Amino acid sequence: WDNADFSRGVGTTFYQEFSTLNTAKPPFIRDVEAKVRRYQRSSYSAAWTLKITWEKAPAYTARTDTRKTITYQAVLTTDGFRSYILMLYQDGGMQWDYSRLAATNVLIGYT
């Protein structure tokens, strides 16, 4: 995990909230539920989900190179009792030059 820098006007962040308690679920929510069920091997029905997207985010500090960006999402979801987060990265989308970042132990995801 490292810091993104939007100070140069490159990249954007946006979010979308899904309240799905007693409503029809869009395909995105059904996909999130399927992932949680598969990874947790349990039944899961989302009541609320928040999708945050960082699109073409340059690494901190952006003054070094704003051409190398990353696009990724965090999806927070809950059924009201259990909560999960999915970290999703664009396939081949990590363009940051990890050798120039402040942190030297860069890792996509977590362990």
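Summary of the structure given here. Because the structure is a prediction, the values reported are computed rather than measured.

A few words now on the environment of Asp91. Within the secondary structure, Asp91 is located in the segment after β4 (83-89). The sequence separation of Asp91 and Thr71 amounts to 20 residues, and the corresponding C-alpha distance is 9.2 Å.

So, about the nonpolar core. What tends to happen in soluble globular proteins is that the nonpolar side chains get buried as a cluster. Counting nine residues, the largest nonpolar core is built from Leu50, Ile52, Trp54, Ala57, Ala59, Ile70, Tyr72, Ala74 and Trp96. At the level of elements, β2 (48-58) and β3 (69-78) are the ones that each hand at least two residues to this core. Per element, the largest residue contribution to this core is four residues, and it comes from β2. Apart from residues lying up to four places away in sequence, Trp54 is in contact with Phe6, Thr12, Thr13, Ile70, Thr71, Tyr72, Gln73 and Ala74. Core analysis: the next-biggest nonpolar cluster, separate from the first, contains six residues, Val36, Tyr44, Ala46 and Tyr84 among them.

Attention shifts here to unusual backbone geometry. Of note in the backbone geometry, Arg41 takes a positive phi value of approximately 50 degrees without being a glycine. Mapped onto the secondary structure, Arg41 falls in the loop between α1 (27-40) and β2. A positive phi angle is found at Lys56, which is not glycine, with a value near 55 degrees.

Here we come to the packing of aromatic side chains. Tallied over the entire structure, the rule returns four aromatic pairs. When the centroid spacing of 5.3 Å and the interplanar angle of 85 degrees are considered together, the rings of Tyr44 and Tyr84 count as edge-to-face. Taken together, the residues Tyr44 in the loop between α1 and β2 and Tyr84 in strand β4 connect sequence positions 40 residues apart. Summarising the burial analysis for this pair, Tyr44 and Tyr84 share the class buried. Arranged with centres 6.0 Å apart and planes meeting at 25 degrees, the rings of Tyr72 and Tyr89 form a pair that is stacked. With Tyr72 in strand β3 and Tyr89 in strand β4, this pair connects stretches of sequence that are 17 residues apart. Tyr72 sits in the buried class, given a relative accessible area of 6%. Grouping aromatic residues by their ring pairs yields a cluster made of Trp54, Tyr72 and Tyr89. One Lys or Arg, Lys51, reaches over the ring of Phe28 and ends 4.4 Å from the middle of that ring.

Looking now at the pattern of salt bridges. Counted by the stated rule, this structure contains four salt bridges. Here Glu33 makes a salt bridge to Lys25, at a shortest N to O gap of 2.5 Å. The partner of Arg37 in a salt bridge is Glu33, with the nearest N and O atoms 3.8 Å apart. Within this pair, Arg37 and its partner Glu33 are both found in helix α1, separated by four residues, close to a single helical turn.

Criteria and thresholds
- Residues numbered from 1 in each chain as written.
- Predicted model: local features only at pLDDT ≥ 70, side-chain atom pairs only at ≥ 80, totals over all residues.
- Heavy atoms only, no water.
- Helix = DSSP H or I, 4+ residues; strand = E, 2+ residues; numbered from the N terminus.
- Core = buried A, V, L, I, M, F, W, Y, C linked by side-chain atoms within 4.5 Å.
- Buried < 20%, exposed > 50% of the residue type's maximum accessible area, 1.4 Å probe, protein only.
- Contact = heavy atoms within 4.5 Å.
- Phe/Tyr/Trp six-rings, centres within 6.5 Å; stacked < 30°, edge-to-face > 60°.
- Lys NZ or Arg CZ within 6 Å of the ring centre and 35° of its normal.
- Salt bridge = Lys/Arg side-chain N within 4 Å of Asp/Glu carboxyl O.

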